[in-house]
Number of protein chains: 2
Amino acid sequence: MRIALLGGTGDIGEGLALRWAYDTNHEVVIGSRDPERARGKAEEYMTELDSRGRDVKVTGFTNEMAADRADVVVLAVPAYHLVDTIEAVADGLDENTVLVSPAVGMKRDDDGFHYNAPSAGSVTQLAAGAAPEGTPVVGAFHNLPAARLANLDAELDIDTLLVSDDADAKETVRMLSAGIEGLRPVDAGGLANASEVEGITPLLINVAMNNDGMHDLGVTFH
Amino acid sequence: MRIALLGGTGDIGEGLALRWAYDTNHEVVIGSRDPERARGKAEEYMTELDSRGRDVKVTGFTNEMAADRADVVVLAVPAYHLVDTIEAVADGLDENTVLVSPAVGMKRDDDGFHYNAPSAGSVTQLAAGAAPEGTPVVGAFHNLPAARLANLDAELDIDTLLVSDDADAKETVRMLSAGIEGLRPVDAGGLANASEVEGITPLLINVAMNNDGMHDLGVTFH
């Protein structure tokens, strides 16, 4: 399967790229608004993978070119770039492309971080509203510890929650998630359930801020 | 320490009563609007504890009498009874009573359960607004699996998140939480961070509804 990681030069994008390239045989393509930066990062990832005996090709392109012909497009961009990123790659999206939204909107005050829902109800629903008609959208990878994900020596042993109104698309992302060692996909229902999933991300930051020795956290349901 | 469990005849109340009575030496007092029901449940809990070789006294009273002279008052009532329960026991609350709010507001639609924040921002903040001036309020025990909690044979191995603006009160509840075997207290910061904590409860129900073999769930941060 060909996975395009738009914003794949950022922290969650880097972790997903490395994990999929290391743990699976999926083709990983890095997208960025700046194709030079995408190519540079793709080479960095290949060097890291090669140092671990994994000789795989990771390529870098503009977001538009990365999304073109991808089976799965992951929007690993900040929430405020979500809609313009979807619009930029819309020509490459159709009913055969699974669009994955891991972004979360947050605001900060003196107490810590808070979930900042867009008027669509959640960032995942915002992505669904901006996607071309018929493109299936899945919310996933919202609550992953970025540095741990990008460190192939670090054990994950955490869950990722999936929300979607499209059963086939959700199954594709479930399979992609399960391919990453130590990452367990957990079904949280339809897109309407996305805000409670996204709300965990500011909570993880608040927990890290308030507890010595707890940082770069994930969550497990059991 | 004397702990009053208002609504201690309900499911979360039952679990906390049994666990504190079994695992610690704190005095557990059950409160209910109906004192007969409170006494009946207290006797039920004592029978259960006795069958496990734990000969302890659990008493049952009206909520008002249970809260009177308690060191810690836990509002184990549904969110829609929270304010009238606080008002009913207000004479027994002061700056030396720690008021603990585990309630969560939820609504349901075709997709599942959703967090339903009151205008105060969270149910915990609603409790803080309704409490007599100076009474410290702690949000805790929001996301506990009720049946597992009430089954002393069941292992917990889960976290409970604490929020409060009062460091001493939070420390008291941290200590009470840590006294329950398998329950780890985790500090989530101030009261303003309560909504993300409460939002986990509908998510746990959605996860249970959408995954075979996952039910009566707790959450762990790591």
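Located above this text is the structure these notes cover.
What you see is a predicted model; the values in this text were computed from it and never measured.

**Q** Please give an account of the nonpolar core that cites residues and values.
**A** Across soluble globular proteins, nonpolar side chains have a tendency to be buried as a group. One finds Val73 and Leu75 of chain A together with Val73 and Leu75 of chain B to be the most contacted residues of the largest nonpolar core, which totals 146 residues. Among residues more than four places away in sequence, those in contact with Leu75 of chain A are Leu6, Gly7, Leu82, Thr85, Ile86, Leu99, Val100, Ser101, Pro102, Ala103 and Ala127 of chain A.

**Q** An account of the relation of the copies chain A and chain B is needed here, citing residue identities and associated values.
**A** Turning one copy of the chain about an axis and sliding it along that axis gives the other copy, so a rotation and a shift relate them. Superposing chain A onto chain B takes a rotation of 180 degrees combined with a translation of 0.0 Å along the rotation axis, leaving an RMSD of 0.0 Å. Here the copies are linked by what is in effect a two-fold axis. Among all residues of chain A, the minimum C-alpha distance to the rotation axis is found for Thr220 of chain A, at 2.6 Å. Counting the interface residues of chain A, we find that 100% of their copies in chain B are interface residues as well, pointing to one common contact surface.

**Q** Describe the packing of helix H4 (residues 82–89) of chain A against helix H5 (residues 123–130) of chain A, naming the residues involved and giving the relevant values.
**A** Residues and elements named next belong to chain A. Interaxial distance between H4 and H5 falls to 9 Å at its minimum, and their mutual angle equals 30 degrees. Between H4 and H5, the interaxial angle falls into the category roughly parallel. Relative to H5, H4 is oriented so that their crossing is right-handed. Residues Leu82, Val83, Ile86 and Glu87 of H4 touch H5, and the partners they reach there are Val123, Leu126, Ala127 and Ala130. The residue inventory of the contact of H4 with H5, partitioned by class, reads seven nonpolar, no polar and one charged.

**Q** Quick one: what's the story with the sheet that holds strand S4 (residues 72–75) of chain A, residue by residue and with numbers?
**A** Residue and element names in this part refer to chain A. Spatially, eight strands are ordered S3-S2-S1-S4-S5-S8-S9-S10 in an open sheet, and the strand pairing comes out mixed. Each edge of the open sheet is held by one strand with a lone partner, namely strand S3 (58–62) and strand S10 (183–187). The mean angle between the axes of side-by-side strands here comes to 25 degrees, regardless of whether they run parallel or antiparallel. Helix H7 (residues 167–178) contacts S4, strand S5 (98–101), strand S8 (137–139), strand S9 (158–164) and S10 of the sheet and is inclined by roughly 165 degrees relative to S9.

**Q** I'd like a description of the pairing of strand S1 (residues 2–6) of chain B, backed by residues and values.
**A** Residues and elements named next belong to chain B. By the criterion of burial, S1 is predominantly enclosed, with four of the five residues buried. Relative to strand S2 (residues 27–32), S1 runs parallel, the two sharing five bridges. Pairing of Leu5 across the sheet is with Ile30, part of S2. Remark: the S1/helix H1 (residues 11–23)/S2 crossover connection has right-handed handedness. In this structure, S1 lies alongside strand S4 (residues 72–75), joined through four bridges in parallel fashion.

**Q** I'd love a proper account of the interface of chain A and chain B, names of residues and values included.
**A** If you look at the interface, chain A gives 30 residues, while chain B gives 30 residues. Those elements that place two or more of their residues in the side of chain A that touches chain B are strand S7 (112–115), S10, helix H8 (194–198), helix H9 (200–210) and strand S11 (219–221) of chain A. Considering each element in turn, the side of chain A that touches chain B owes the most residues, seven residues, to H9 of chain A. A class-by-class count of the residues in the side of chain A that touches chain B yields 14 nonpolar, twelve polar and four charged. Inspection of the sheet shows S11 of chain A paired to strand S11 (residues 219–221) of chain B by three bridges, in the antiparallel sense. When the sheet's bridge partners are listed, Phe221 of chain A is paired in S11 of chain B with Val219 of chain B.

Definitions and limits used
Residues numbered from 1 in each chain as written. Chains lettered and ligands numbered in written order. Predicted model: local features only at pLDDT ≥ 70, side-chain atom pairs only at ≥ 80, totals over all residues. Core = buried A, V, L, I, M, F, W, Y, C linked by C-beta atoms within 7 Å. Buried ≥ 20, exposed ≤ 12 C-beta atoms within 10 Å, placed from the backbone. Contact = placed C-beta atoms within 7 Å. Least-squares fit on C-alpha atoms with pLDDT ≥ 70 in both. Axes fitted to C-alpha atoms, helices over the stretch in contact; angles between N-to-C directions. Helix = DSSP H or I, 4+ residues; strand = E, 2+ residues; numbered from the N terminus. Parallel < 35°, antiparallel > 145°, perpendicular 65-115°, else oblique. Left-handed = near helix turned anticlockwise from the far one by under 90°. Nonpolar A, V, L, I, M, F, W, Y, C, P; charged D, E, K, R; others polar. Pairing = 2+ DSSP bridges. Right-handed = clockwise from strand over helix to strand, strands pointing away.

Keep in mind these values describe shape, not function.
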